[in-house]
Amino acid sequence: MSDHTVPPALRPVRTVACCAVVGLVLAGAAWVARAVGQIRLAASGQPPSGPPDRGDGGHRSLTALENSYHVVSSLGDAVTALCAITFLAWLWRVRDNARALSGRRPRHAWPWMYAGWIVPVANLWIPRGIVADIHRASAPGERLPRAVNWWWGLWLAGMLSGTGLMYTGTTDAVIARAYTDVLPLLVADAAVVGAAVAAVFVVRALTAAQRAHPRRIPPAAEVPLPRAQQGT
């Protein structure tokens, strides 16, 4: 995708928004499962043989509980990646629509849609700025939804906790930490789950703002939501 001289036409957002919501819900559930696994490890206590990783490349055989946590962690990583894909797909769509609605180029060039999440320091504010700009173009004069600040605050808490989203240690290291100091892990998990829940409200709010705009997307171009999700 690229920034064009002529603003793009409005595009339907409901289907891609539904996919983003599903991805967020699944990611939140995956991090709840991680937390449950960590609580079970802490409750069981570390085996007499010590942590799984003995250092210097030595590893002992994993217990059944440790094996199950490895499975939960791997599935959680896959679901989190899926969530990122669906969320970014939705963000691209509403960004394109925001440009069409406002007639102005986005403040952040398209590479920041990806780089803004990973470039140190910039990742502390650019993604929120992109979302805020989209809302400003989609709902001129309206106050930024509180969910945006909740989402971003919880996201930063989960990212900067040292044990959450950006944790680079191995699963065996997480297991060892669950045995000895599980509370920081659970706090990070709670922040990530909270960010996923708040992000659902962000997706719904920005999608609704674009659908309510005077230049709203024609209803015929939309795919109907399931009855339980109607009323956005």
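Residues numbered from 1 in each chain as written. Predicted model: local features only at pLDDT ≥ 70, side-chain atom pairs only at ≥ 80, totals over all residues. Heavy atoms only, no water.

## Section: the overall build of the protein
- Along its length, the protein carries seven helices and two strands.
- If you list the helices and strands of the protein from N to C, you get α-β-β-α-α-α-α-α-α.
- Out of the 232 residues belonging to the protein, those deemed buried represent 44%.
- Relative to all contacts within the protein whose residues are 6 or more apart in sequence, the contacts with residues 24 or more apart total 75%.
- Accessible surface for the protein amounts to roughly 11,900 Å². Of this, 64% is attributable to carbon and sulfur atoms. (Helix = DSSP H or I, 4+ residues; strand = E, 2+ residues; numbered from the N terminus. Buried < 20%, exposed > 50% of the residue type's maximum accessible area, 1.4 Å probe, protein only. Contact = heavy atoms within 4.5 Å. Areas by Shrake-Rupley, 256 points an atom, 1.4 Å probe, with all protein chains shown as cover.)

## Thoughts on the environment of valine 192
- Following the sequence through the fold, valine 192 ends up in helix α7 (residues 182-212).
- Sequence-wise, valine 192 and alanine 157 are 35 residues apart; in three dimensions their C-alpha atoms are separated by 7.9 Å.
- If we ignore the near neighbours within four places in the chain, the residues touching valine 192 are Trp31, Gly158 and Leu165.

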